[in-house]
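Now for the letters of each chain:
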Amino acid sequence: MKLRELLIRSLWLAPLGLSLIFVLGVLAWVRANEAEEQEQQRQTLISDALSTEAQLRDRIDEEQAHLRQLAAGLAGQKPSVATLAAHPEVNAGLRRLWLAVTWLDSRSNRVLAEVPAESEANRYEDGLSLHLTARVAPDGVLVVRYAPALLLKRGVPWWLARKYDVQLVDSADQVIASSTESPLRAAQGPRPSYRVALTGPLRASPLTQATLTDAALELTVREPAANAIRPLAWVLVAGFLPLIAVASWLLRRQMRQVQRAEVAGRTEAAWRRAMEDSALVALRARDFDGRLLYVNRTFCDMVGLAPEALVGQLPPMPYWPPDAHEEMAERNRRNLAGHAPREGYEARWRHSSGRMVDVMVFESPLVDAGGRQIGWMGSIIDITERKRLEDRERRQVETLAHNARLTMLGEIASTLAHELNQPLTAIASYGAGITNSLAKLGVQDELVLGALQRLGQQATQAGRIVARIREFLTRREPRHERCDLNEVVSAALELLQRDCQQRGVALKVSLAPGVPAVLADAVLIEQVVINLVRNAADALQAHGGSRRIAVSSRVVGEFVRIDVQDNGPGLAGRRVEQLCAPFYSTKADGMGMGLAICRSIIEAHQGVLDASEAAGGGALFSFSLPLSREVVNG
Ligand code: ADP
């Protein structure tokens, strides 16, 4: 990461580096070009030197030929100045190159004649003079003297003379002759030059016939060809380097600015993202088609989906509850049309785990940097917990109201029980009084006496019930005593026997033998059994066909369970909570307190009251009471 950052930071150096490489390339090319040019110049120099040497040789050969022709023309003639001077070859030769023509006697080497006169011929006597010779029959020798400087002047073409200093040098590097008056040699430092040996035709002395040893022709470049590219290259490079340096500096400044802007942008984006993600409000942006453009982390957490699964999605959304798609789609259309309530609206979404989430959604226009609306921005608050608390509060208020009504009812019932106690005791006393009176009168009518006895029993039972209910409703603790539930059930059914017969209901009782004792208030439990059987009989009232109620007891674990099952219409999906709710009744004259009181009694005994649909249709009400601790402990 560090290395990458460093690379990016030094990126501005790249053009500078490339430019330097380019400059070095140009310089190398210039150098190579120069070397090639020098080589070419050297090649030209060599070939020019060779051709100059050939031309000089030709010139000397030519002069030699002229001299031979002259010698042939003079053969047999008497040597005299006049003869020589009159000969056209002599004049032509003097005009060309010759300094003097001397006729010698070959035996004594005595000068017989000479043209021109000595003094005239000294014109070119400053330097070394060279000679050509030819025999003149019968015994003379013609010697032509010529100056090597003149040979160079006449024998070297003008264009070569302009280009080079052409010199004849001897073995001691002494200049014998030069094509120019003032050789530039030492003045201008080393200049390219080339030497060609030119010994053959050059003779220094006519007498010795000795050749000039180690003489050479040297061509020296007068002015080395100026290299046109090199200075231009230097000028370009000199101009280019500061330019590229300035450009690089500007680039570096620009890149720094861009980097700073980038860092600032990234920091700002990170800040914005962090703020959006840490907001407790879920955010979502949508376009006009309802496509999700953006969601923050809170939104993702709220619906349990990753941003990738949400962004780009079109309705129906994955968090819409499957059973409410129509309603959600309808509301979505309304919102996209811009008719969402300003004060927000409530919705139910489905978390990916299946849990429902209650939300409050506020829609507002989504506006871009240019001020143009491009969709809708939604701010969503999770109100599940608030709703739950509200619900609980509502239920508490309801329960309080119910409890208030129950308390009031308890008061009424208590008063009623108090008021009924007197008449019931009176009925029992009167019943006993009538029975006694009839016995004294000797009335033996079993029917009357039996009825009177049952009247007394019912009145006493009613008195007991009223007293116990009063006790219960005045919130006194139930009277727990060891009792056999089979006996309690039997006692309750005995009281209902006649009623059931009248209603055409068959009562089937199957009590498990040897059911252990429970700690309970027998009168209240009896009341529960009576209530359940009565309700079953009521339910069977409208039922055609056979009407059956089955009451059974059995031990289940540490509980004794009593079932009351009928073959009536059943519970129609209602649950025990609903049935046991105070004042819930489906009967025209029902009060809806029976099951509520039953459940209170059973729960006061740490038992459970339950209701369910019976296996063969009808309802099954059951309650379980815990076995007494002594029984459980054995
Ligand atoms: P009430 O008897 O005054 O209606 P309850 O609390 O005893 O009050 O009963 C509440 C309701 O429960 C009844 O109105 C009835 O609709 C329903 N219910 C009770 N027992 C049965 C049953 N065995 N079969 C069908 N419905 C029943």
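Note that the structure is predicted; figures quoted are calculated from it, not measured.

Colleague: Break down the overall build of the chain for me, with residues and values.
Modeller: Counting secondary structure elements, the chain contains 18 helices and 20 strands. Here the C-alpha coordinates of the chain stretch approximately 230 × 55 × 45 Å along the principal axes. The buried share of the chain, reckoned over its 634 residues, is 36%. For the chain, restricting intrachain contacts to residue pairs at least 6 apart in sequence, the fraction spanning at least 24 positions comes to 62%. Carbon and sulfur atoms make up 57% of the accessible area of the chain, which totals about 36,700 Å². Charge-centre separation for the chain: the mean point of 74 positive side chains lies 1 Å from the mean point of 72 negative side chains.

Colleague: So what's going on with unusual backbone geometry? Residues and values would help.
Modeller: When glycine is set aside, most residues are seen to have a negative phi, and most peptide bonds are trans. Cis geometry marks the peptide bond from Val 115 to Pro 116; its omega dihedral reads -10°. Here Pro 116 is to be found in the loop between strand S2 (111–115) and helix H5 (118–121). Omega for the peptide link from Pro 315 to Pro 316 comes to 5°, which places this bond in the cis form. By the secondary structure assignment, Pro 316 is in the loop between helix H10 (307–310) and helix H11 (325–336). A positive phi angle, near 50°, is found at Ala 572, a position not held by glycine. Inspection of the secondary structure puts Ala 572 in the loop between strand S18 (559–566) and helix H16 (576–579). Even without being a glycine, Gln 606 presents a positive backbone phi close to 60°.

Colleague: So what about the layout of surface pockets? Which residues, and what values?
Modeller: Its boundaries defined by the atoms lining it, the largest pocket holds a volume of some 1,400 Å³. Asn 531, Asn 535, Met 593, Gly 594 and Leu 595 are, among the 48 residues lining the largest pocket, the residues nearest its centre. Sort the elements by how many residues they give to the lining of the largest pocket and helix H15 (residues 522–540) lands first, with nine residues. Among the residues making up the lining of the largest pocket, the classes are represented as 30 nonpolar, 11 polar and seven charged.

Colleague: Please set out the site of the ligand residue by residue, giving values where relevant.
Modeller: Around the ligand, 19 residues are found, and the nearest of them are Asn 535, Asp 566, Ser 585, Thr 586 and Lys 587. A distance of 2.9 Å separates an oxygen atom of the ligand from a polar atom in the backbone of Leu 595. Considering the ligand on its own, with 540 Å² of exposed area, one finds that the protein chains cover 93% of that surface. Among the elements that take part in the shell around the ligand, H15 stands out by supplying four residues, more than any other. Among the residues forming the shell around the ligand, the class breakdown is eight nonpolar, eight polar and three charged.

Rules used throughout
- Residues numbered from 1 in each chain as written.
- Predicted model: local features only at pLDDT ≥ 70, side-chain atom pairs only at ≥ 80, totals over all residues.
- Heavy atoms only, no water.
- Helix = DSSP H or I, 4+ residues; strand = E, 2+ residues; numbered from the N terminus.
- Buried < 20%, exposed > 50% of the residue type's maximum accessible area, 1.4 Å probe, protein only.
- Contact = heavy atoms within 4.5 Å.
- Areas by Shrake-Rupley, 256 points an atom, 1.4 Å probe, with all protein chains shown as cover.
- Lys, Arg positive; Asp, Glu negative; His and termini not counted.
- Charge placed at Lys NZ, Arg CZ, Asp CG, Glu CD.
- 1 Å grid on protein atoms, 1.4 Å probe; cavity = no way out; pocket = protein on both sides within 12 Å on 5 of 7 lines; lining within 4 Å.
- Points joined across faces, edges and corners; volume = space filled by probe spheres on them.
- Nonpolar A, V, L, I, M, F, W, Y, C, P; charged D, E, K, R; others polar.
- Near = heavy atom within 4 Å.
- Polar contact = N/O pair within 3.5 Å; in protein donor to acceptor, adjacent residues only side chain to side chain.

Just distances and angles here, no functional claims.
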